[in-house]
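Report on the structure
What follows is the residue order along each chain.
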Amino acid sequence: MTTRRNELAASRAPEDEEESGGWSRRDVLRTLGIGGATVVVAGAGVLSYRVYDTAVLDPGGGKAYDPWGQWRGTPGPLGAVAGAVLAASPHNTQPWIFEVGPGAVDVFVDAARTTGAVDPFRREQYVGLGCALENLVLGCRARGLQPDVTLLPDGADAPRVAHVALSDGAPEPSSLFDAIGDRHTNRGPYQPRAVTAETLAALVDMTDLPGLAVHWITDLEPKKAFSQLLIDAAEALTSDEQQSRDGFIWFRDSNDDVQRHRDGLVLDGQGLTPLVLSMAKLLPASSRAAGDRFWVKQTKTVHTATAAAYGVITTASPGDRQTQLHAGRLLQRIHLTATSRDIALQHMNQITERMDREQATGAAATFAPRFADLLPADGHPLLTFRVGYPVREARPTPRRSAAEVTR
Amino acid sequence: MSLRVQHRHRLAGRLGVAGGAFGVAAGAVQATVGTRIPEWTGAKAEPISLGLLTIGLSVIAGMAAARQRTPDLSVRARAVCALGLIGPGLLCLSTVGRLWYLPAILLLAAGTMSIDGWRDTATAIAQDWFRILLSALGACEVLMAAGAAPVLMAVGAASGIALIAAAWLPSAPLGVRVGLAVLGTVPFAALAWTAIVPIVVAVVALLVAVPVVRNDRTASVGHGSDSGRPR
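Residues numbered from 1 in each chain as written. Chains lettered and ligands numbered in written order. Predicted model: local features only at pLDDT ≥ 70, side-chain atom pairs only at ≥ 80, totals over all residues.

1. Points about the environment of B:Thr185
Residue and element names in this part refer to chain B.
- Looking at the secondary structure, you find Thr-185 in the loop between α9 (174–183) and α10 (186–191).
- As a C-alpha pair, Thr-185 and Val-203 span 18 residues in sequence and 7.9 Å in three-dimensional space.
- Thr-185 has contacts with Ser-159, Ala-202, Ala-205 and Leu-206, leaving out every residue within four places of it along the chain. (Helix = DSSP H or I, 4+ residues; strand = E, 2+ residues; numbered from the N terminus. Contact = placed C-beta atoms within 7 Å.)

2. Some thoughts on unusual backbone geometry
- Unlike most non-glycine residues, A:Arg122 shows phi in positive territory, near 55°.
- Counting through the fold element by element, A:Arg122 comes out in the loop between β2 (104–109) and α5 (123–142).
- The phi dihedral of B:Asp72 falls on the positive side, at around 60°, and the residue is not glycine.

3. Brief notes about the nonpolar core
Residues and elements named next belong to chain A.
- Counting residues in each nonpolar core, the largest one holds 77 residues, and the members touching the most others are Val-81, Val-107, Leu-129, Ala-132, Leu-136, Ile-313 and Val-387.
- Per-element tally for this core: the top contributor is α5, with 11 residues.
- Each of domain 2 (74–180 + 400–405) and domain 3 (186–388) gives at least three residues to this core.
- Those residues in contact with Leu-136 that sit more than four places away from it in its chain are Ala-80, Val-81, Gly-83, Ala-84, Val-105, Val-107 and Val-164. (Core = buried A, V, L, I, M, F, W, Y, C linked by C-beta atoms within 7 Å. Buried ≥ 20, exposed ≤ 12 C-beta atoms within 10 Å, placed from the backbone. Domains from an automatic or database assignment.)

4. Re the confidence of the model for chain B
Residues and elements named next belong to chain B.
- The share of residues in chain B with pLDDT of 70 or more is 92%, and the mean pLDDT across the chain is 89.
- Here residues 216–231 is modelled with pLDDT under 50, and outside its nearest four sequence neighbours on either side it reaches 30 contacts, counting other chains as well.
- Interface confidence for the predicted complex, given as ipTM, is 0.77, next to a pTM of 0.81. (pLDDT = per-residue confidence, 0-100.)

5. Structural notes on the packing of helix α2 (residues 25–53) of chain A against helix α11 (residues 197–214) of chain B
- At a minimum axis distance of 10 Å, the contact between α2(A) and α11(B) shows a crossing angle of 155°. Classified by the angle between their axes, α2(A) and α11(B) sit roughly antiparallel to one another. α11(B) is crossed by α2(A), and the crossing has left-handed handedness. For the pair α2(A) and α11(B), the contacting residues are A:Ala37, A:Val40, A:Val41, A:Ala44, A:Leu47, A:Ser48 and A:Val51 in the first and B:Val197, B:Val200, B:Val201, B:Val204 and B:Val208 in the second.
- Along the lines of polarity and charge, the residues of the contact of α2(A) with α11(B) split into 11 nonpolar, 1 polar and no charged. (Axes fitted to C-alpha atoms, helices over the stretch in contact; angles between N-to-C directions. Parallel < 35°, antiparallel > 145°, perpendicular 65-115°, else oblique. Left-handed = near helix turned anticlockwise from the far one by under 90°. Nonpolar A, V, L, I, M, F, W, Y, C, P; charged D, E, K, R; others polar.)

6. Here's the deal with the confidence of the model for chain A
- Averaged over chain A, the pLDDT score is 92; the fraction of residues at 70 or greater is 95%.
- A low-confidence stretch, residues 1–19 of chain A (pLDDT under 50), is modelled with 4 contacts involving residues beyond four sequence positions or located in other chains.

7. Describing the interface of chain A and chain B
- With 25 residues of chain A at the interface, the matching set in chain B holds 23 residues.
- Those elements that place two or more of their residues in the side of chain A that touches chain B are α2, α10 (255–261) and α11 (274–282) of chain A.
- With 13 residues, α2(A) is the single largest residue contributor to the side of chain A that touches chain B.
- Taken together, the residues of the side of chain A that touches chain B sort by class into 15 nonpolar, 6 polar and 4 charged.

8. Re the sheet that holds strand β4 (residues 160–168) of chain A
Residue and element names in this part refer to chain A.
- In space, the 4 strands of this open sheet follow the order β1-β2-β4-β3, with antiparallel pairing throughout. One side of each edge strand has no neighbouring strand; the edge strands of this open sheet are β1 (96–100) and β3 (145–151). If you compare each strand with its neighbour and ignore which way they point, the axes differ by 20° on average.
- Seen against the sheet, helix α4 (residues 76–84) touches β1, β2, β3 and β4 and runs at an angle of roughly 170° to β1.
- With respect to the sheet, α5 is in contact with β1, β2, β3 and β4, its orientation differing from that of β2 by roughly 165°. (Pairing = 2+ DSSP bridges.)

9. Describing the domain arrangement of chain A
All names here are of chain A.
- Assigned domains of chain A: these are domain 1 (2–53), domain 2 (74–180 + 400–405) and domain 3 (186–388).
- Placing a centre on the C-alpha atoms of domain 2 and another on those of domain 3 gives a separation of 21 Å.
- Domain 2 puts 34 residues into the contact, and the matching count from domain 3 is 34 residues.
- Breaking the side of domain 2 that touches domain 3 down by element, the ones donating at least two residues are α5 and α6 (175–179).
- By residue number, the principal contributor to the side of domain 2 that touches domain 3 is α5, which donates 11 residues.
- Taken together, the residues that form the side of domain 2 that touches domain 3 break down as 18 nonpolar, 10 polar and 6 charged.

10. Thoughts on the domain arrangement of chain B
- The domain architecture assigned to chain B consists of domain 1 (3–125) and domain 2 (128–219).
- Computed from C-alpha atoms alone, the centre-to-centre distance between domain 1 of chain B and domain 2 of chain B is 26 Å.

11. Thoughts on helix α6 (residues 118–127) of chain B
Residue and element names in this part refer to chain B.
- By the burial criterion, the buried members of α6 are Asp-120, Ala-124 and Gln-127. Considered in projection along α6, the buried side chains sweep an arc of 60° and stay on one side of the axis. Structural note: α6 exposes Trp-118 and Arg-119 on the side pointing more than 90 degrees away from its buried face.
- Considering only its buried residues, α6 is in contact with α4 (75–91). (Arc of directions from axis to C-beta.)

The structure is reproduced here in structure tokens:
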């Protein structure tokens, strides 16, 4: 009897609870399960949208990166311009405009494309133009157009920085020309492997570039001192409100911005591992302060910690525009040669940027004397970079197409 | 069905078809002259593809509007029609900018009006809730694939479709449903693992797929109401 009563109670209990409007344990668990699953799926939906919106699955894709795949195919002078737009420039500002005529290409400075207080004397801007000019010359030669370059034909302050007269000649392909599409600034770690003095010397070709010298810093102690100088300069630059702001303006943190502006600094160019890069893209955009902290940390733990050697381009006249254009051509030549030999290069100009800033604001020179101690007596620093064998390949950065910068 | 309900369905149909037509026009404008009027079209980076997507979704909305006028439509089918109207109505707000304001109002109104009984609709939806969740995860994969490199795009789209198929083929053999669920998760997650989210989606999808693929009562979470004819 007792058993029968218990069976009845057990079999009826859930129905009784349902009929009375109460919730059984099963109902509660089921509702929690459904609710939990729904929340998790909604979260997955939000993350999936972030993947789509930030183009995590297509790094280096879209129109902003198309010029990297189009620079060889376009014939004639416009094709040479298509190679020129792939050159290095400060903060990827691409401060150039080209005018393509029947027998010449003129290169103009786009004065609005500046990094402000980071480059108060527009030294780096002109170096960037020199880089583009080197690619332009290589592109012309490879297409059977013999270039004759005249720098600053209208004077040092005029917007036209170079006139490149073209005449017919035999096509001159070269390893430097072939490297144009593979040359990217590599901000990632480099292998703990030395670059020999012979290899470093072979990176430098001074042909037609007077007034310049390249000083390599490879020994342990000078390298250590130079690394510390770079770290101090990075910290000083990020502590300088105006320099920090003017640099941050060029950071493109969303794929929409990258595709719209097609210039500037991007996460893809920071040398991160694929996993970290994806996470960085999925997270909300970082603030200026967070970006500054990241850069200083990378300078300490990656850039200086893994540099095989530092290169410094020096000159007796760092303020001369023609010298700056020559230095740009030399820098681009070094980078292209390095690329053709599987050597990575990263531009690291924070010391000279701080030197210029101190000079522009009338502040006491703190970096110039320290830098001078590491250089030969007659050489003023103009550009600085590190080289080494890369741990991973660098990624391309956005570019405006030749058509966008040609008039 | 009362005359009042018939009248409402007719009105919803007209509003939906009009919304779809305006939507097609908005998509065509975006695809052709979108870059020239960015203040109207939302200054999109990919106006042509977004314009074409808008046209496609507008056509779906128009078809849903026409379909919901069918008398004696099941509650589930009516819910699908409403989704076909409301979904594009909301989605295209991010594809053609201000040009979508009018179509959005028309489609949202039509979608709302196409529903006969909210309680019955909710019950029908609840019965298929895990299938809907699995389909949503398939849609997540399609969304991720839409912004991916070509190979990943193809694999992601196929994976998303496989997941949706696994959710809505209850009469298929168990092996086929399991195969679709695995195909809909593992390859895309393996190829796109560095993006992390495809792995998250795959894990969640496999968990959600268990009750769906088994096709037992746990896949239906409602309380026994049928999803057939309207009451």
